[in-house]
Amino acid sequence: MVVGIDSFKDSSKRNHSVFAFVSSTNGTDENTYKCTKYFSRCIIKSNEKEDEKTPSVVLKNFMIDALNAYFKKNNTYPDKIFIFRDGVSEGKFLYINDCEIPSVRLAFSEINPNYKPNYAFIIVNKRGNARFFYKKDDHFQNPPAGTVVDKTVVKNDGEFYLIPQTADRGTVAPSHFYIIDGKNMTLDLVKIQTFAYKLTHLYYNWPGQIRIPAILQYASKLARLVGESLHRPHSPSLDDKLFYL
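Residues numbered from 1 in each chain as written. Predicted model: local features only at pLDDT ≥ 70, side-chain atom pairs only at ≥ 80, totals over all residues. Heavy atoms only, no water.

Participant: Hey, could you run me through the pairing of strand 1 (residues 2-9) in this one?
Facilitator: Regular strands have side chains that alternate between both faces of the sheet. Direction of pairing for strand 1 relative to strand 6 (residues 80-85): parallel, over a ladder of four bridges. Bridge pairing in strand 6 links Ile5 to Arg85. Pairing between strand 1 and strand 2 (residues 16-24): seven bridges, direction antiparallel. Within strand 2, the position partnered with Ile5 by the bridge is Phe21. Linking two consecutive strands that pair antiparallel, namely strand 1 and strand 2, is a turn of six residues; a positive phi of about 60 degrees is found at Asn15 within it. (Pairing = 2+ DSSP bridges. Helix = DSSP H or I, 4+ residues; strand = E, 2+ residues; numbered from the N terminus.)

Participant: Looking at this structure, I do not really get the environment of Gly128. What am I missing?
Facilitator: Structurally, Gly128 is set in the loop between strand 7 (118-125) and strand 8 (134-136). Expressed as a C-alpha distance, the spacing of Gly128 and Ser175, which sit 47 residues apart in the sequence, is 7.3 Å.

Participant: So what exactly am I meant to see when it comes to helix 1 (residues 55-74) here?
Facilitator: The α-helix advances 3.6 residues per turn, and as a result positions three or four apart in sequence lie on the same side. For helix 1, spanning 20 residues, the distance from its first C-alpha to its last is 28 Å, which sits close to the expected 28 Å at 1.5 Å a residue. Among all positions in helix 1, only Pro55, Ser56, Val58, Leu59, Lys60, Phe62, Met63, Ile64, Ala66, Leu67, Ala69 and Tyr70 are buried. The positive-phi residue at the C-terminal boundary of helix 1 is Asn75, with phi of around 60 degrees. (Expected span 1.5 Å × (residues − 1). Buried < 20%, exposed > 50% of the residue type's maximum accessible area, 1.4 Å probe, protein only.)

Participant: Help me understand the packing of aromatic side chains, please; the structure alone is not making it clear to me.
Facilitator: Given two aromatic rings, their pairing is described by the distance between the two centres and the angle made by the two planes. All chains considered together, the criterion is met by 14 aromatic pairs. Ring geometry for Tyr203 and Tyr218: centres 5.4 Å apart, planes at 40 degrees, overall tilted. With Tyr203 in the loop between helix 3 (189-199) and helix 4 (214-230) and Tyr218 in helix 4, this pair connects stretches of sequence that are 15 residues apart. Of the two residues, Tyr203 and Tyr218, both sit in the buried class. (Phe/Tyr/Trp six-rings, centres within 6.5 Å; stacked < 30°, edge-to-face > 60°.)

Participant: Just to check I follow, could you spell out the sheet that holds strand 2 for this structure?
Facilitator: Paired through backbone hydrogen bonds, the strands of a sheet run either parallel or antiparallel to each other. Taken in spatial order, the eight strands line up as 5-2-1-6-7-12-11-10 in an open sheet, and their pairing is mixed. The sheet is open, and its two edges are formed by strand 5 (38-46) and strand 10 (147-149), each paired on a single side. In this sheet, neighbouring strand axes are inclined to one another by 25 degrees on average, regardless of whether the strands run parallel or antiparallel. Pairing analysis gives six bridges linking strand 6 to strand 7, with the strands arranged parallel. When the sheet's bridge partners are listed, Arg85 is paired in strand 7 with Ile123. Lying on the sheet, helix 4 is in contact with strand 1, strand 2, strand 5, strand 6 and strand 7; it crosses strand 1 at an angle near 30 degrees. (Axes fitted to C-alpha atoms, helices over the stretch in contact; angles between N-to-C directions. Contact = heavy atoms within 4.5 Å.)

Nothing here speaks to function; it is geometry throughout.
Encoded structure:
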């Protein structure tokens, strides 16, 4: 299962923001992953007071609902879960590690005390200032799509830059991925990088690659729609539809 989480400021309410959650509900077929059906939830929360709408509490409830939606379609729970989180600055990494990740684990235990899937919690930043160049025949050019940089310029082993697109003009902007929690994930870093790149091809509104995994773009679209236009959570009857595209 793949999960995308993003947030967006509500334009109609001061100090309120939208917390959007999108997950895939497709299972696997003969070791082939399918990512075409989705489950979506969102909520508008206050940024000032701590209550039942805090991101950590909401994330636990949304994760439980998403796992149950997956079970309803596949008659089993996923054994691998990739959680992509956007809308987080580096200064909030500690909060993610102390609050949101434990909420995810709590959701697993509430499904079943013995349910312990392999999961990776990955923070994605597409607004960085880093730029990379590829030297060919004494000339510098943009790196080809799919280029990964995970040495020298990164601080940690689970950190990498991905260049998912090509650019005919200017310099291509890489996306920064930071695996903040993935100790029990059985896949190695190269396979996670490859998987993240493949997910950039699955956005329905664009025939090529986008800068971030499609599941994260769906969460961003949902958060923006609610924050700019709806100003309230969507109807539960739309949870399994990509109405925000």
